[in-house]
Every structure is written in C-alpha cells, then in structure tokens.
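Chain by chain, the residues run as shown.
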Amino acid sequence: MMESGAPVCHTCGENVGLNANGEPFVACHECSFPVCKTCFEYDLKEGRKACLQCGSPYDENLLDDVEKASGEQSTMAAQLSKSQEVGVHARHISSVSTLDSEMTEDNGNPIWKNRVESWKEKKSKKKKPAKAKVDTEAQVPPEQQMEDKPAQLDASQPLSTIIPIQKSKLAPYRTVIIMRLIILGLFFHYRVTNPVESAFPLWLTSVICEIWFAFSWVLDQFPKWSPIDRETYIDRLSARYEREGEPSELAAVDFFVSTVDPLKEPPLITANTVLSILAVDYPVDKVSCYVSDDGAAMLTFESLVETADFARKWVPFCKKFAIEPRAPEFYFSQKIDYLKDKVQPSFVKERRAMKRDYEEFKIRVNALVAKAQKTPEEGWTMQDGTPWPGNNTRDHPGMIQVFLGYSGARDIEGNELPRLVYVSREKRPGYQHHKKAGAENALVRVSAVLTNAPYILNLDCDHYVNNSKAVREAMCFMMDPQVGRDVCYVQFPQRFDGIDRSDRYANRNTVFFDVNMRGLDGIQGPVYVGTGCVFNRQALYGYGPPSMPSLPKSSSSSCSWCGCCSCCCPSKKEPKDPSELYRDAKREELDAAIFNLREIENYDDYERSMLISQTSFEKTFGLSSVFIESTLMENGGVAESANPSLLIKEAIHVISCGYEEKTAWGKEIGWIYGSVTEDILTGFKMHCRGWRSIYCMPLRPAFKGSAPINLSDRLHQVLRWALGSVEIFLSRHCPLWYGFGGGRLKWLQRLAYINTIVYPFTSLPLVAYCSLPAICLLTGKFIIPTLSNLASVLFLGLFLSIIVTAVLELRWSGVSIEDLWRNEQFWVIGGVSAHLFAVFQGFLKMLAGVDTNFTVTAKAADDAEFGELYIVKWTTLLIPPTTLLIVNMVGVVAGFSDALNKGYEAWGPLFGKVFFSFWVILHLYPFLKGLMGRQNRTPTIVVLWSVLLASVFSLVWVRINPFVNTGNSTATTSSCIAIDC
C-alpha cells in the first residue's frame, strides 16, 4: 500500500485533483468533504447540488464554472469514449499514465514501464468480455433499457448510511452531563472543605472513593457523547455485485470457529455453529469455514465428519425454504407456527423428514461423546487402525483435513457446498502457544494459503449464525467505496439464548452493547469483543489504512480529538520514543515494498524470491513465500494453477510451533499476545494505526450464543476478563502511554480504552465504600457532617442529575430500566468479587511470575429450564460479597438497637446510615438470591467463612472503636454500653 498525502475522493477512491489555481479541488467549503471533480460533475448531472456529508448547498460560482467547462470537454470525452471501453471512468485513463510517469521519474528504470504496459495489456484482455456485453446491450430496444436504468441508479448509491440520534433526545442528554460535571465539582469542593473531625479516617476514605468513582464515570460517560445508528441496504449490494447472468462479484469470506475441549464445549453446539455457517445466504464459492481444534481431540474430528455428512441434507433444505435461524438445534426448538408464510406444499413433509434426520445426527454425535468419556490406555485409534496423532495434547504434529469444498462432496441436490476445513496446529514442549490468540493466528495463515479471502469472520464455537444475511450486512460497509477503505472490522453485538427472564446476573450486557458501543461508533468505532466480528485481512497484517497519509515528521495536521483540524491542538509535540520511530520506519518500509510488489503475478520465480528476501518480508511474516505472496493480494484469492497438495503441505508448515519465532506475529500482526483478553489488544492496535471500526446492529440479531447463567461460572468469566484488563494495564500496550506518536487514535477513543483497562481497580474503593455503612452503624459515626441548606441543595442536585442522566440515556438508547438496574447491580457484585481478585492476581503474575490457569466455562445446561441458574458451586469469589452482606445486616441491627436505647434524637442520624447500608444490600440482592439456590442451600464452607469473618470484624470494631477519642473515657464507656445493648 502506498501512502499519499493528497486527499482521496470518498466516492471513487482516486485523488481529488487540482483546481485552476493549482490547489486541491474542494467542492464544499463548509466541511471540505473530499470529492473529485469528475464525481462532483456526475452529482450535478444527477440533480444533487448539496454536499453528501453536511448537506450544505454548493457555491453558485463553482456550479457556473462546471457548467461552462462541461461544454468545452464534451468533444474530448467523445474522443476518449471511442478509444476506451464504454463505462470506463475517464479518471482511470489518466491514472495509468500518471502512474507510468511516476515510475519513470522516481526509479529511472525502464523495466517498471514495461511492467506497467504489460499490466495494462492484461487488464484490457480481461475487460474484452465487458466490451462485448456493451455491444450486446446496444442492440436492446430503448424501452427495455429504460426499465433497467432505475436498478443501475440504485446500485450506484451508498450501501449504508449514518442515522444520527435525534437532537431532541441528544441535546438534553449532553446538557445534563455538563450540569452533572459542574455539580460534581461543587460537591467535591464542599466535601473537601468540610471534613468530619470526629471520624476523620472514615471521611478521608469516603472522599478518596468518591473521587475515584467520579473519575470512572468520566471515563465511561464521555465516549458516549456522540452515539449514532447505521442502516444498511442489502438490495443495493446485490444490485451492484450480483448481476443476473454474471458470476457474483461479492468478496469471499473465511469463517473461523475456535474450540479447545469438546467435553466442556459440547461437539453438538460446535456442529450447530458450523452448520449455520455452511448455510449462510452467500455464494457457496465465497464461503470457507475453518474449525480450530486447539485440544487436538479425536472427538472434535469425528463430530466434524458427521457434521459434514449432515450438511449435505441441511444446507439445501435451509436455502430452499429460507428458514431462520439455520442452526438446526435452535430452529427446531422454536416455539412458533412453522407453517406461517410457508406456501410450498412439500415444506411440512420435508421439515418432518429433516427433523428426523437431525435427531439421528444428534444420536450419533452424543454416542461419540459418551464413547470419549473414558480414554483408552493405549490412546485413541482411527478407523484405519493408526493411532490418533493428537493423543498427547501437548506434543503432536499439525493436522489439516478438508471435508467439503469445490472438489469435495456435493449436497443431495448436486450443488456445491462451502469449504469446511479442520485445523489443529502443531504443539511441542518448550514453545509458547498463546492460547486462543495463537490459534486464531494459525487460522489466519492456513486460510491465507488455502483460500485467502479478503475478509475474515471469527466466531466462538457456541455462537451460531442467527441471521443468514449477516455477512451481507457486513459487506455493505466493507465493500462500499465510500466507507470500506478505512474500516478494519465490523463488530456485531452479542446476543444470547438460554438466559433467565430477569437476567439476574446481567449476562446480556445490554447496557454495554446497546449504549456504550453505539457511542464509540460515533468516534472511531467499537472495540473488538472477541466474536461476531468481520475483519479486513489487510488490517490483521499490520498495515495502515490506504487513505491514511504518512506520519508527519514535524507536527500533525489533524487533531487527535476531533480528527479535523490543527487549530484546537498545540503545534509543538513531544519527541517520539525511539521504539515508536523504529516501528513507524519499518511500517513505511513494508508499505513501500508492497507497492513495488503489486504486480507480483508478472514476475518470474527468481524475481519473486529476490524481492521478498530484499524487503525483509520473512522477518515479518515468517518463512513461507506462498503466505507472503498471499499478503500482497488486497482482493485475496489463490492462483488457479496452484497445486492443492502443495498448498496443504504449505498450510501444515505455517502452523508449525516454531513458525512464529523471530517474526512479528502476536506483536504487530494478527491477534496480539500479552493478555488473556486478546480481543481488546488486537482492536486497540488497529485503531492506533488509524483504522476505524463499525458497529452493525441489524433488526434480526446476526449471531447468538450461550452465556453462563450460573453465579460461580459467571463470576469466573468476569474474573478472566478483568485479569486481561489488568495485564494490559501492566504491559507496554497500556492506552495511558501507548500509541501517542502519530495522533491517529482520537482522545475520546483513548478514554474508552483507558476505561476498559482501569475498571478492575474500581474494586478497591468499591469494597471500602461498601464497608463504610456497617462501620458507621457500628461506631455511631458518619462520613458527612451536619448538612447546611447549601449542602442539602448540592446533594439533591447530585442525586437528581444521576437519575436524569440515566433516564435520558434510556430515552435515546431504547434500553429498559430493568436492564440498567441489573447492570448497576452486577457492577457492584463483580466489583467486590471477581474484579478484586483480578487486581491481586494480575500483580502477582507481574511481580512474582505466578500465572493463573482458567478452565473453559461449561456451556451445557441442565434438562430443567434454567436449572443451572440455581446450582451453587464453591469458589473463593463468593466470600467477599457474602461478608459484606452479613456485615451490613449486622450493622443495621446494631444501628436500630442503638437508636432504641438513645431515644428520639438518634433516629435522624440513623436514617442516612441505614439508607447507605440498604444501598449496598439492594445492589448485592441478586448475589444473595444466587447464594440461596433453588432449595435455599448454600455450601457450608461459604457460610462458615463468611459468618466467621463478619463476626470477627464486628467484634473487633466494637472492642477497639478507634474513631472515638480515647481521652474521653466516659464517652467510650457509654458507646460500648449502647452497642452491647
């Protein structure tokens, strides 16, 4: 990719060109939206006389100049149309000659001119059929041509559009945020200037906690400043890239499905995910599904054999009757009238037959699972009697098996099926394999060698395709020339099946996916969440976006906050870190090498090997010339002359355990290593390079998965995420200091990433703050002095601003108040348990090298509906919140006892303390329900430890009473007597 500082047209992707004064052509002087003069003239012919971005009308003087120039250029355009194919843009004609002149001037080598000429000849040969088609169209009667014009006009329109949130909803929301910020400033001024001398340690602790909470709120709130919605037009995508009678021009997509342990991730769930992928509404020759078995389990391999066989029946059934969803387990379990809108007489008969076939398929897969429960002493053997290569999961060779494909089995109707490939990378002792991130990078290399689709869609094994048109939704962004050039990935929201109706533990994460992610989409794009994401393969290779100008050497010309101007930022910048300069230089060198190798198809084998070695591609991508050549193909694809057996051999080579040694894999390219939450790191690196991402929310959810609804499993899942954030915070990729050189990451986007890595540290002040109510009730002290009228107004204003902010957020986002309340409750539950342990484990890992191994969360539920919800499993994560619950309950009892002894005067101060304590208990109430289980039974050890810690804590505070002046023995004695009563 060759970077250029000239503005690029957002419609066609060419340079905008110069006006009569030698300056870059500008159509709209309001927003300077980059549009070339040719596209500008085309818009005027179509009757559009306003800017596509801001809607401002074009300058009348500019319109007059264009009308005069169009008459002078008509003769020239007629001559060009005779010598070139009909429909070819005049801009394309001039661009070839410009490229030729640049090659000659920069290199002074005539060989480049010859290569460009040969390239032009190849292009013209490819376009001869198009010319014949135009001649044929010329013979069509004018009436039929007029009928075809509306479809052509529709195909030329944008494939997606941004729908901003209504100003009537967004303006009050922003106003209240600013007001809340001002009230917070006044509140902290009051808190700091009015200490509580009688309980100074408690007051100081509370102020520190409140300041941290305010800081966390700022990090979470301001990235939601400009939320947006998007709308896609799948019909326009089809009109543009799927013309009747011609091969589909839609881009190919490689699907990645990752699994590890089939006993914890049931093969039936993985099979449903694979079947839903094979049946997507997309050209079969454009779809390939790669299943990564990182546990090298024969059970996974055999279940895929059964899945491939069943797909021959399932895929044509789905496409014939257009059913949704296309995962059989979830399709047949729907409680709907399946006869609705089905007019084919054969549907009922075929559906019953298909359901019977699926039940038989389930029996076969479940039989394999039952057989795999006990491993033979000599290990597993395959049907031909040879030992299974993956008997030792930590020491086995790489394995690849292509089940379906272009030359493989066809469906029962004789049609082609998408390619299905089983991949298990090589593992040897002494090598770092980097868990899921390493498995995903292995799939990137294997898919590049075998199919090399320009786009990659990765899914967890328990996330099936719920919307068969999901890939087309993503292509509306990726293949749109106005949008897709700078898009690194399209992220879909996660939706889940099998969650209890009340969503007790906020498994749906509705607030995050429907509020936070839409806010990020208005800045630089949503964060990558690990599944349901369509990647641009070039972005995974560590390249910058094509339209991004090269990094300036002195000062940045754009603001990293707003991305539009330099007037709001200081021109003087701090010197870059040497490592940043080195990485930028290497990236520019790599981009230049790619430009020189664009015409690699024209080179012989000797030239290829020489150029690849000279440009240090092997140091970046590894020792595979086949894979390196695939990285240079922006539009993907594999050479037709490639030998399949040699490609399989090369694919085995690129998944060897030593392939990534001394390369940039996991450091600058692919999924990034260094954290158990590799998804956050990978998306963060792409945004730092200047890419943007897009959030796609179709009406029918694109993908659905399963979530752990059990309390212990849910806490362990949250613990893993929080530990990954702590690891990033302690690494060189921390957003607090990484990625400043170049200003490509906007400041609000950086705030969002900072929020994703500092939120576990909120557990420390949260535990302290949840303990304060009990301490206040047990000691008779309080963290707030007697309120004056002004202070009362401040407190009231703060509470009202919090409530109004939440209400207005619900108004523009459409999230229910129950979802918001569940999110708040689990923020406290997770904060005082999983996040707290993650902080300590993260520091132990960094300081003492103590690593934590996580087991994969079980995906299967009990036979009873939501049966797993009521199972209580022992884990140390349950102790801190249980202790806080008991301590606060003891504190409430002690507070009421003290008020009864002291009389009427004590009830006023008691109200604030009890309200504070009930705030904690209400937030922990879902945890309390989960602890009780269905039969109100709790593990004995949890009760024992919690009661013991709460009792000791309460007795120590009663005995010591450190917040009372020891010099006043009378007061101490009376306080102790009151509490004893």
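Source: prediction; values computed, not measured. (Residues numbered from 1 in each chain as written. Predicted model: local features only at pLDDT ≥ 70, side-chain atom pairs only at ≥ 80, totals over all residues. Heavy atoms only, no water.)

## Describing the overall build of the protein chain
Piece 1. Scanning the protein chain for helices and strands turns up 34 helices and 13 strands.
Piece 2. A buried classification covers 49% of the 981 residues belonging to the protein chain.
Piece 3. Taking all contacts inside the protein chain whose residues are at least 6 apart in sequence as the whole, residues at least 24 apart take part in 79%.
Piece 4. For the protein chain, the accessible area works out to roughly 47,300 Å², and carbon and sulfur atoms hold 58% of it. (Helix = DSSP H or I, 4+ residues; strand = E, 2+ residues; numbered from the N terminus. Buried < 20%, exposed > 50% of the residue type's maximum accessible area, 1.4 Å probe, protein only. Contact = heavy atoms within 4.5 Å. Areas by Shrake-Rupley, 256 points an atom, 1.4 Å probe, with all protein chains shown as cover.)

## Considering the sheet that holds strand β6 (residues 419–424)
Piece 1. One open sheet accounts for eight strands, arranged β5-β6-β4-β3-β7-β11-β9-β12; its pairing is mixed. Each having just a single partner strand, β5 (399–404) and β12 (692–695) make up the two edges of the open sheet. Taken over all neighbouring pairs, the strand axes of this sheet differ in orientation by 20° on average, direction set aside.
Piece 2. The sheet contact formed by strand β3 (residues 253–259) and strand β7 (residues 455–460) spans six bridges and is parallel. By the bridge assignment, phenylalanine 256 is partnered in β7 with asparagine 458.
Piece 3. Here helix α16 (residues 510–521) sits on the sheet and contacts β9 (487–491) and β12; the angle it forms with β12, its principal contact strand, is near 140°. (Pairing = 2+ DSSP bridges. Axes fitted to C-alpha atoms, helices over the stretch in contact; angles between N-to-C directions.)

## Examining the packing of aromatic side chains
Piece 1. Summed over all chains, the structure comprises 46 aromatic pairs.
Piece 2. Ring geometry for phenylalanine 310 against tyrosine 358: centres 5.9 Å apart, planes inclined by 45°, an arrangement best described as tilted. Taken together, the residues phenylalanine 310 in helix α11 (residues 298–321) and tyrosine 358 in helix α13 (residues 347–371) connect sequence positions 48 residues apart. Across the pair, tyrosine 358 and phenylalanine 310 agree in class, each one buried.
Piece 3. Connected via pairs of aromatic rings, a cluster forms that spans Phe310, Trp314, Phe317, Phe321, Tyr331, Phe332, Phe347, Tyr358 and Phe361. (Phe/Tyr/Trp six-rings, centres within 6.5 Å; stacked < 30°, edge-to-face > 60°.)

## Considerations on the pairing of β3
Piece 1. Buried residues dominate β3, accounting for seven of its seven residues.
Piece 2. Side-chain alternation along β3 places Val253, Phe255, Val257 and Thr259 on one buried face and Asp254, Phe256 and Ser258 on a second face that is also buried.
Piece 3. Note that the unit made of β3, helix α10 (residues 267–278) and strand β4 (residues 287–293) has a crossover that is right-handed. (Right-handed = clockwise from strand over helix to strand, strands pointing away.)

## What to know about a nonpolar patch on the surface
Piece 1. Among the surface-exposed residues, Leu736, Trp737, Phe740 and Trp747 lie close enough to one another that they form a single nonpolar patch of about 400 Å² accessible area.
Piece 2. Inspection of the secondary structure assignment puts tryptophan 747 in helix α25 (residues 747–758).
Piece 3. Its relative accessible area of 37% is what places tryptophan 747 among the partly exposed residues. (Patch = residues over 30% accessible without salt bridge, like charges linked within 9 Å, V, L, I, M, F, W, Y side chains within 5 Å. Salt bridge = Lys/Arg side-chain N within 4 Å of Asp/Glu carboxyl O.)

## A word on the nonpolar core
Piece 1. Among the nonpolar cores identified, the biggest contains 91 residues, and Val446, Phe535 and Phe627 are the most heavily contacted of them.
Piece 2. Per-element tally for this core: the top contributor is helix α7 (residues 167–193), with nine residues.
Piece 3. Setting aside anything within four residues of it in sequence, one finds phenylalanine 627 in contact with Val444, Arg445, Ala448, Val449, Tyr541, Phe621, Val654, Tyr659 and Trp665.
Piece 4. In this structure, Leu159, Met399, Leu417 and Val471 belong to the second largest nonpolar core, which totals 74 residues. (Core = buried A, V, L, I, M, F, W, Y, C linked by side-chain atoms within 4.5 Å.)

## Some details on the pattern of salt bridges
Piece 1. The final tally for this structure, using the stated rule, is 28 salt bridges.
Piece 2. Between aspartate 395 and arginine 428 there is a salt bridge, with its nearest N and O atoms 2.5 Å apart. With aspartate 395 in the loop between α13 and β5 and arginine 428 in the loop between β6 and α14 (435–450), the pair connects residues that are 33 residues apart, well separated along the chain.
Piece 3. Members of the salt-bridge network, linked through shared partners, are Glu242, Asp281, Lys469 and Arg472.

## Observations concerning the packing of α7 against helix α8 (residues 200–221)
Piece 1. At a minimum axis separation of 11 Å, α7 and α8 run at an interaxial angle of 160°. Here α7 lies roughly antiparallel to α8, going by the angle between them. For the pair α7 and α8, the sense of crossing is left-handed. Every residue of α8 that contacts α7 at Tyr173, Ile177, Arg180, Leu181, Leu184, Phe187, Phe188, Arg191 and Val192 is listed here: Trp203, Ser206, Val207, Glu210, Ile211, Ala214, Trp217, Val218 and Gln221.
Piece 2. Taken together, the residues that form the contact of α7 with α8 break down as 13 nonpolar, two polar and three charged. (Parallel < 35°, antiparallel > 145°, perpendicular 65-115°, else oblique. Left-handed = near helix turned anticlockwise from the far one by under 90°. Nonpolar A, V, L, I, M, F, W, Y, C, P; charged D, E, K, R; others polar.)

## Some remarks on unusual backbone geometry
Piece 1. With omega at -15°, the peptide bond leading from glutamate 324 into proline 325 counts as cis.
Piece 2. Its place among the elements puts proline 325 in the loop between α11 and α12 (328–332).
Piece 3. Of note in the backbone geometry, aspartate 503 takes a positive phi value of approximately 50° without being a glycine.
Piece 4. If you trace the backbone, aspartate 503 turns up in the loop between β10 (495–497) and α16.
Piece 5. Looking at aspartate 503, the relative accessible area reads 4%, which means it is buried.
Piece 6. A positive phi angle, near 55°, is found at alanine 506, a position not held by glycine.
Piece 7. Position of alanine 506 among the secondary structure elements: in the loop between β10 and α16.
Piece 8. Residue classification places alanine 506 among the buried positions, given a relative accessible area of 6%.

None of this, on its own, says anything about what the molecule does.
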